[in-house]
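The residues making up each chain are set out below.
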Amino acid sequence: MQPMPEDWERAVAVVAHPDDLEYGVASAVARWTGQGKQVTYLLATRGEAGIAGLPPEKTAPLRTEEERRSAAVVGVRDVEFLDRPDGLVEYGIALRRDLAAAFRRLNPDVVITMSFDLTWGEDGPVNHSDHRAVGLAVLDACRDAANEWVFPEAGPPCAGIRDAYVASGDPTHFVDVTATIDAGIASLREHRAYLAGLGHDFDPDEFLRNMAGYTGLGAGCDYAVGFRRYPMG
Ligand SMILES: [Zn+2]
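Quick caveat: nothing in here was measured; it's all calculated off a predicted structure. (Residues numbered from 1 in each chain as written. Predicted model: local features only at pLDDT ≥ 70, side-chain atom pairs only at ≥ 80, totals over all residues. Heavy atoms only, no water.)

## Comments concerning the side chain of Glu190
So, point 1. Tracing the backbone shows Glu190 in the loop between helix 5 (181-189) and helix 6 (192-197).
So, point 2. Residue Glu190 is classed as buried on the basis of its relative accessible area of 14%.
So, point 3. Among the polar contacts listed, one links the side chain of Glu190 to the side chain of Arg69, at a separation of 3.3 Å.
So, point 4. Setting aside its immediate chain neighbours within four residues, Glu190 contacts Glu66, Arg69, Ser70 and Val73. (Helix = DSSP H or I, 4+ residues; strand = E, 2+ residues; numbered from the N terminus. Buried < 20%, exposed > 50% of the residue type's maximum accessible area, 1.4 Å probe, protein only. Polar contact = N/O pair within 3.5 Å; in protein donor to acceptor, adjacent residues only side chain to side chain. Contact = heavy atoms within 4.5 Å.)

## Notes on unusual backbone geometry
So, point 1. A positive phi angle, near 55 degrees, is found at Asp83, a position not held by glycine.
So, point 2. Take Asp83: it is sitting in the loop between strand 4 (78-81) and helix 3 (93-106).
So, point 3. By relative accessible area, Asp83 is classed as partly exposed at 47%.
So, point 4. Positive phi values are uncommon outside glycine, yet Phe151 reaches one of about 55 degrees.
So, point 5. Positionally, Phe151 belongs in the loop between helix 4 (129-146) and strand 6 (163-167).
So, point 6. Residue class for Phe151 comes out buried when judged on its relative accessible area of 9%.

## So, the coordination of the zinc ion
So, point 1. With distances of 2.0 to 2.1 Å, the protein atoms coordinating the zinc ion are His17 (ND1), Asp20 (OD) and His131 (NE2).
So, point 2. Between consecutive donors of the zinc ion, the numbers of intervening residues give the motif H-x2-D-x110-H. Here His131 lies in helix 4 and His17 lies in the loop between strand 2 (10-15) and helix 1 (25-34), a separation of 114 residues in the sequence.
So, point 3. A relative accessible area of 7% places His17 in the buried class. (Donors = N, O, S within 2.8 Å, 3.2 Å for Na, K, Ca; no water.)

## Observations regarding the packing of helix 3 against helix 4
So, point 1. Orientation of helix 3 relative to helix 4, taken along the N-to-C sense of each, is 55 degrees, at an axis distance of 8 Å. Between helix 3 and helix 4, the angle is such that the two are oblique. The two elements helix 3 and helix 4 meet at a crossing, and its hand is right-handed. Where helix 3 approaches helix 4, its residues Leu95, Arg96, Leu99, Ala100, Phe103 and Arg104 are matched on the opposing element by Ala133, Val134, Ala137, Val138, Asp140, Ala141, Cys142, Asp144 and Ala145.
So, point 2. Classifying every residue of the contact of helix 3 with helix 4 gives eleven nonpolar, no polar and four charged. (Axes fitted to C-alpha atoms, helices over the stretch in contact; angles between N-to-C directions. Parallel < 35°, antiparallel > 145°, perpendicular 65-115°, else oblique. Left-handed = near helix turned anticlockwise from the far one by under 90°. Nonpolar A, V, L, I, M, F, W, Y, C, P; charged D, E, K, R; others polar.)

## Section: the packing of aromatic side chains
So, point 1. Across all of its chains, the model carries seven aromatic pairs by this definition.
So, point 2. Ring geometry for Trp32 and Phe227: centres 6.1 Å apart, planes at 35 degrees, overall tilted. Here the residue Trp32 occupies a position in helix 1, and Phe227 occupies one in strand 8 (residues 224-231), the gap between them amounting to 195 residues.
So, point 3. Counting every residue linked through ring pairs, the aromatic cluster contains Trp8, Trp32, Tyr165 and Phe227. (Phe/Tyr/Trp six-rings, centres within 6.5 Å; stacked < 30°, edge-to-face > 60°.)

## Let's talk about the pairing of strand 8
For a regular strand, side-chain orientation follows a simple rule: the groups alternate between the two sheet faces.
So, point 1. As paired elements, strand 6 and strand 8 share five bridges and run antiparallel to each other. Looking across to strand 8, one finds that Val166 is bridged to Arg228.
So, point 2. The pairing of strand 7 (residues 173-176) with strand 8 spans four bridges and is antiparallel. By the bridge assignment, Val175 is partnered in strand 8 with Val225. (Pairing = 2+ DSSP bridges.)

## As for the side chain of His131
So, point 1. Taking relative accessible area as the criterion, His131 reaches 10% and is therefore assigned buried.
So, point 2. Within the structure, His131 has its side chain in polar contact with the side chain of Asn127 (distance 2.8 Å).
So, point 3. Look past the residues within four positions of His131 in its chain and what remains in contact with it is Ala16, His17, Asp20, Met114, Ser115, Phe116 and Trp120.

Written out as structure tokens, the structure is:
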């Protein structure tokens, strides 16, 4: 693993649901915003199908607010939603167009997303279909955004995306989050209704320290977040 380069100014972090970024990536976001970088969150859904016993029309505004608070804790003011239906996000042209339009408008240097593998690790549980759809569409939309002949109605092309980084269990790069993991933990704690709805004890502090500590072992620091780099150049 190499340290992830930090010679960039703007990132867009794209995931399917409120809470996805807070399960690890937010600690890295806190480091970046602390360096003065601009990070925008772009969520495909509002997570309205994510709390058992709470109907979607009540859950959507609740989780929208929790995501905005989570983002603020790690220095992110811009949180956008594509309002796809939670649980039913489709990989396809329509999603790629919306993502490409956002990239053209926001003009990021790097794009962050999360694993679109079929499973979490070799023997782990099946990765959510929304995560698979969004992650793959993000990689394709990075290229779409740079091509003036693809989605010409979605704004002038942007050729500035150098790399996409996918939060992955099989990383090529790491971000040292030793100094910012506390902010990452506080960010996850903002998902109060969601965490309460899990129906079992879950300790954000223990979970995130375990995960980042394990990645840190390979990175040579106390706590790290791992990403797999997909170059766009
Ligand atoms: Zn999710």
